[in-house]
Amino acid sequence: AQRVTQPEKLLSVFKGAPVELKCNYSYSGSPELFWYVQYSRQRLQLLLRHISRESIKGFTADLNKGETSFHLKKPFAQEEDSAMYYCALSGLPGANNLFFGTGTRLTVIP
Amino acid sequence: GAVVSQHPSWVICKSGTSVKIECRSLDFQATTMFWYRQFPKQSLMLMATSNEGSKATYEQGVEKDKFLINHASLTLSTLTVTSAHPEDSSFYICSARGVVTQYFGPGTRLLVL
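Please read all numbers here as calculations on a predicted model, not as lab measurements. (Residues numbered from 1 in each chain as written. Chains lettered and ligands numbered in written order. Predicted model: local features only at pLDDT ≥ 70, side-chain atom pairs only at ≥ 80, totals over all residues. Heavy atoms only, no water.)

## Details of the packing of aromatic side chains
Next, step 1: If you walk through the whole model with that rule in mind, you get 10 aromatic pairs over all chains.
Next, step 2: Both rings, one in B:Tyr36 and one in B:Phe104, keep their centres 5.7 Å apart while their planes meet at 45 degrees; by these two values the pair is tilted. One end of the pair, B:Tyr36, is in strand β4 (residues 32-38); the other, B:Phe104, is in strand β10 (residues 102-104), and 68 residues separate them in sequence.
Next, step 3: Under the relative-accessibility criterion, B:Tyr36 is labelled buried at 0%.
Next, step 4: Relative accessible area serves as the criterion here: at 2%, B:Phe104 is assigned to the buried category.
Next, step 5: Members of the aromatic cluster, each reached through a chain of ring pairs, are A:Phe34, A:Tyr36, A:Tyr86, A:Phe100, B:Tyr36 and B:Phe104. (Phe/Tyr/Trp six-rings, centres within 6.5 Å; stacked < 30°, edge-to-face > 60°. Helix = DSSP H or I, 4+ residues; strand = E, 2+ residues; numbered from the N terminus. Buried < 20%, exposed > 50% of the residue type's maximum accessible area, 1.4 Å probe, protein only.)

Structure below.
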(Lines give C-alpha, C1' and ligand atoms only; values in the text may rest on other atoms or scores of the structure.)
Protein backbone atom coordinates (compact mmCIF):
# COMPACT_ATOMS: atom_id res chain seq x y z
CA ALA A 1 0.00 0.00 0.00
CA GLN A 2 1.14 3.53 -0.65
CA ARG A 3 2.02 5.80 2.21
CA VAL A 4 3.40 9.31 2.57
CA THR A 5 4.78 10.38 5.91
CA GLN A 6 5.53 13.93 6.94
CA PRO A 7 6.79 13.58 10.50
CA GLU A 8 6.60 17.26 11.43
CA LYS A 9 3.20 18.90 11.71
CA LEU A 10 4.74 22.21 12.65
CA LEU A 11 8.13 23.68 11.80
CA SER A 12 9.42 27.11 12.76
CA VAL A 13 12.64 28.64 11.52
CA PHE A 14 14.12 32.12 11.59
CA LYS A 15 14.34 34.19 8.45
CA GLY A 16 17.56 33.45 6.63
CA ALA A 17 18.00 30.06 8.24
CA PRO A 18 18.01 26.83 6.22
CA VAL A 19 14.81 24.84 6.18
CA GLU A 20 14.13 21.19 5.47
CA LEU A 21 10.68 19.65 5.38
CA LYS A 22 10.84 15.90 5.60
CA CYS A 23 8.88 13.46 3.49
CA ASN A 24 9.20 9.69 3.41
CA TYR A 25 7.15 7.42 1.23
CA SER A 26 6.26 3.80 0.82
CA TYR A 27 5.30 2.44 -2.58
CA SER A 28 5.99 -0.81 -4.33
CA GLY A 29 6.59 0.63 -7.79
CA SER A 30 8.23 3.77 -9.15
CA PRO A 31 6.14 6.69 -8.01
CA GLU A 32 6.16 10.30 -8.98
CA LEU A 33 6.69 12.61 -6.03
CA PHE A 34 5.38 16.14 -5.65
CA TRP A 35 5.43 18.99 -3.21
CA TYR A 36 2.30 21.13 -3.01
CA VAL A 37 2.01 24.37 -1.07
CA GLN A 38 -0.97 26.22 0.35
CA TYR A 39 -0.44 29.83 1.36
CA SER A 40 -2.82 31.49 3.76
CA ARG A 41 -6.30 31.83 2.25
CA GLN A 42 -5.15 30.44 -1.08
CA ARG A 43 -5.76 27.17 -2.82
CA LEU A 44 -3.39 24.27 -3.00
CA GLN A 45 -0.84 24.61 -5.78
CA LEU A 46 2.06 22.65 -7.16
CA LEU A 47 5.47 23.71 -5.90
CA LEU A 48 7.67 21.17 -7.61
CA ARG A 49 7.87 17.59 -8.81
CA HIS A 50 10.81 15.25 -8.71
CA ILE A 51 10.98 14.49 -12.42
CA SER A 52 11.47 18.14 -13.35
CA ARG A 53 14.55 18.49 -11.14
CA GLU A 54 14.08 22.24 -10.90
CA SER A 55 14.31 24.84 -8.19
CA ILE A 56 11.14 26.78 -7.51
CA LYS A 57 11.20 29.84 -5.23
CA GLY A 58 14.58 28.62 -4.01
CA PHE A 59 13.21 25.24 -2.98
CA THR A 60 14.66 21.95 -4.18
CA ALA A 61 13.80 18.35 -3.47
CA ASP A 62 15.78 15.29 -4.39
CA LEU A 63 14.26 11.88 -4.64
CA ASN A 64 16.31 9.37 -2.67
CA LYS A 65 15.09 5.95 -3.66
CA GLY A 66 17.39 4.19 -1.20
CA GLU A 67 15.96 6.07 1.74
CA THR A 68 12.53 6.47 0.08
CA SER A 69 12.63 10.14 0.89
CA PHE A 70 11.77 13.36 -0.90
CA HIS A 71 12.75 16.09 1.51
CA LEU A 72 12.11 19.72 0.59
CA LYS A 73 14.96 22.13 1.22
CA LYS A 74 15.73 25.81 0.99
CA PRO A 75 19.04 27.33 2.09
CA PHE A 76 17.64 30.66 3.29
CA ALA A 77 14.05 30.84 4.46
CA GLN A 78 11.96 33.93 3.73
CA GLU A 79 8.88 35.19 5.54
CA GLU A 80 6.76 34.60 2.45
CA ASP A 81 7.62 30.91 2.64
CA SER A 82 5.30 30.54 5.62
CA ALA A 83 2.61 28.13 4.44
CA MET A 84 1.29 24.60 4.61
CA TYR A 85 3.37 22.13 2.62
CA TYR A 86 2.11 18.76 1.44
CA CYS A 87 4.19 15.97 0.02
CA ALA A 88 2.28 13.80 -2.45
CA LEU A 89 2.81 10.59 -4.36
CA SER A 90 1.32 9.35 -7.58
CA GLY A 91 1.62 5.78 -8.72
CA LEU A 92 0.44 6.79 -12.14
CA PRO A 93 2.13 9.23 -14.52
CA GLY A 94 0.83 12.76 -14.84
CA ALA A 95 -0.28 13.41 -11.26
CA ASN A 96 -3.19 11.03 -11.31
CA ASN A 97 -4.47 9.55 -8.07
CA LEU A 98 -2.42 11.73 -5.78
CA PHE A 99 -1.89 10.43 -2.28
CA PHE A 100 -1.06 13.19 0.18
CA GLY A 101 0.92 13.31 3.37
CA THR A 102 -0.55 15.03 6.42
CA GLY A 103 1.26 18.25 5.75
CA THR A 104 3.76 20.45 7.56
CA ARG A 105 2.98 24.01 8.56
CA LEU A 106 6.10 26.10 8.11
CA THR A 107 6.41 29.38 9.97
CA VAL A 108 9.31 31.67 9.17
CA ILE A 109 10.00 33.99 12.06
CA PRO A 110 11.14 37.49 11.08
CA GLY B 1 -2.43 29.56 -15.57
CA ALA B 2 -5.19 26.99 -15.27
CA VAL B 3 -8.00 28.01 -12.92
CA VAL B 4 -10.49 25.78 -11.20
CA SER B 5 -13.52 27.21 -9.44
CA GLN B 6 -15.90 25.68 -6.95
CA HIS B 7 -19.39 26.71 -6.03
CA PRO B 8 -20.57 27.27 -3.42
CA SER B 9 -17.59 28.18 -1.25
CA TRP B 10 -19.55 27.23 1.84
CA VAL B 11 -22.93 25.75 2.59
CA ILE B 12 -24.97 25.01 5.68
CA CYS B 13 -27.80 22.54 5.40
CA LYS B 14 -30.17 20.53 7.53
CA SER B 15 -29.63 16.85 8.14
CA GLY B 16 -31.36 14.74 5.51
CA THR B 17 -31.09 17.22 2.68
CA SER B 18 -28.91 16.91 -0.41
CA VAL B 19 -26.19 19.33 -1.37
CA LYS B 20 -24.61 19.80 -4.79
CA ILE B 21 -21.11 21.17 -5.24
CA GLU B 22 -19.87 22.31 -8.64
CA CYS B 23 -16.32 22.20 -9.91
CA ARG B 24 -15.42 24.04 -13.09
CA SER B 25 -12.24 24.33 -15.09
CA LEU B 26 -12.39 27.91 -16.32
CA ASP B 27 -9.81 28.11 -19.06
CA PHE B 28 -9.05 24.57 -20.03
CA GLN B 29 -10.81 21.31 -20.68
CA ALA B 30 -10.45 18.57 -18.13
CA THR B 31 -11.36 15.04 -19.02
CA THR B 32 -10.44 14.01 -15.51
CA MET B 33 -11.36 15.70 -12.28
CA PHE B 34 -10.83 14.57 -8.72
CA TRP B 35 -12.80 15.04 -5.52
CA TYR B 36 -11.06 15.19 -2.16
CA ARG B 37 -12.24 15.50 1.39
CA GLN B 38 -10.27 17.16 4.15
CA PHE B 39 -11.07 16.96 7.84
CA PRO B 40 -9.69 19.60 10.21
CA LYS B 41 -5.94 19.33 10.66
CA GLN B 42 -5.82 16.28 8.43
CA SER B 43 -4.64 15.66 4.92
CA LEU B 44 -6.61 15.55 1.70
CA MET B 45 -8.20 12.17 1.09
CA LEU B 46 -9.10 11.24 -2.47
CA MET B 47 -12.75 10.31 -2.68
CA ALA B 48 -13.21 9.64 -6.36
CA THR B 49 -11.93 10.22 -9.85
CA SER B 50 -14.42 11.79 -12.21
CA ASN B 51 -14.09 11.04 -15.90
CA GLU B 52 -16.02 12.99 -18.51
CA GLY B 53 -18.71 10.93 -20.11
CA SER B 54 -18.27 7.87 -17.91
CA LYS B 55 -18.86 6.69 -14.38
CA ALA B 56 -16.70 7.94 -11.59
CA THR B 57 -14.18 5.69 -9.90
CA TYR B 58 -14.57 5.69 -6.14
CA GLU B 59 -11.87 5.02 -3.59
CA GLN B 60 -12.30 2.21 -1.13
CA GLY B 61 -14.66 3.12 1.67
CA VAL B 62 -16.43 5.91 -0.21
CA GLU B 63 -20.13 5.24 -0.74
CA LYS B 64 -20.99 5.94 -4.36
CA ASP B 65 -24.69 6.19 -3.59
CA LYS B 66 -23.94 8.75 -0.92
CA PHE B 67 -21.59 10.88 -2.97
CA LEU B 68 -22.96 11.15 -6.49
CA ILE B 69 -20.55 12.43 -9.09
CA ASN B 70 -21.48 13.66 -12.53
CA HIS B 71 -18.98 14.83 -15.14
CA ALA B 72 -21.22 15.74 -18.02
CA SER B 73 -18.91 18.14 -19.79
CA LEU B 74 -15.21 18.80 -20.18
CA THR B 75 -15.39 21.78 -17.84
CA LEU B 76 -17.84 20.73 -15.15
CA SER B 77 -18.01 18.03 -12.52
CA THR B 78 -20.55 17.96 -9.72
CA LEU B 79 -20.53 16.22 -6.37
CA THR B 80 -23.89 15.68 -4.69
CA VAL B 81 -23.91 14.69 -1.05
CA THR B 82 -27.22 12.89 -0.70
CA SER B 83 -29.16 12.79 2.56
CA ALA B 84 -26.40 14.64 4.31
CA HIS B 85 -25.69 13.98 7.98
CA PRO B 86 -23.52 15.84 10.49
CA GLU B 87 -20.66 13.39 9.93
CA ASP B 88 -20.55 14.54 6.29
CA SER B 89 -19.49 17.99 7.47
CA SER B 90 -16.09 18.59 5.96
CA PHE B 91 -14.06 20.55 3.46
CA TYR B 92 -14.50 19.25 -0.07
CA ILE B 93 -11.89 20.09 -2.68
CA CYS B 94 -11.94 19.34 -6.36
CA SER B 95 -9.09 19.36 -8.83
CA ALA B 96 -8.76 19.09 -12.57
CA ARG B 97 -5.97 17.18 -14.21
CA GLY B 98 -3.69 19.15 -16.46
CA VAL B 99 -0.71 17.97 -18.43
CA VAL B 100 1.74 17.62 -15.55
CA THR B 101 -0.22 18.32 -12.41
CA GLN B 102 -3.60 18.76 -10.87
CA TYR B 103 -5.09 22.22 -10.51
CA PHE B 104 -7.06 22.64 -7.34
CA GLY B 105 -10.23 24.51 -6.60
CA PRO B 106 -10.56 26.70 -3.52
CA GLY B 107 -12.72 24.16 -1.70
CA THR B 108 -16.27 24.06 -0.34
CA ARG B 109 -16.96 23.93 3.35
CA LEU B 110 -20.05 21.92 4.19
CA LEU B 111 -21.73 22.07 7.57
CA VAL B 112 -24.63 19.75 8.19
CA LEU B 113 -26.77 20.64 11.19
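## Focus: the sheet that holds strand β3 (residues 19-21) of chain A
Residue and element names in this part refer to chain A.
Next, step 1: What the three strands build is an open sheet, ordered β3-β8-β7; its pairing is antiparallel. With partners counted over all chains shown, the strands left at the sheet margins are β3 and β7 (60-61), one partner each.
Next, step 2: Pairing of β3 with strand β8 (residues 72-74) involves three bridges; the strand directions are antiparallel. Of the residues in β8, the one forming a bridge with valine 19 is lysine 74. (Pairing = 2+ DSSP bridges.)

## A word on the pattern of salt bridges
Next, step 1: Counted by the stated rule, this structure contains six salt bridges over all chains.
Next, step 2: A salt bridge links A:Lys74 to A:Asp81; the shortest N-O distance between them is 2.8 Å.
Next, step 3: In this structure, B:Asp88 and B:Lys66 form a salt bridge, with 2.7 Å as the shortest nitrogen-oxygen distance. Taken together, the residues B:Asp88 in the loop between β8 (76-81) and β9 (90-97) and B:Lys66 in the loop between β6 (57-58) and β7 (67-73) connect sequence positions 22 residues apart.
Next, step 4: Of the residues examined, B:Asp88 reaches a relative accessible area of 5% and is grouped as buried. (Salt bridge = Lys/Arg side-chain N within 4 Å of Asp/Glu carboxyl O.)

Take it as geometry only, folks, not as evidence of what the structure does.
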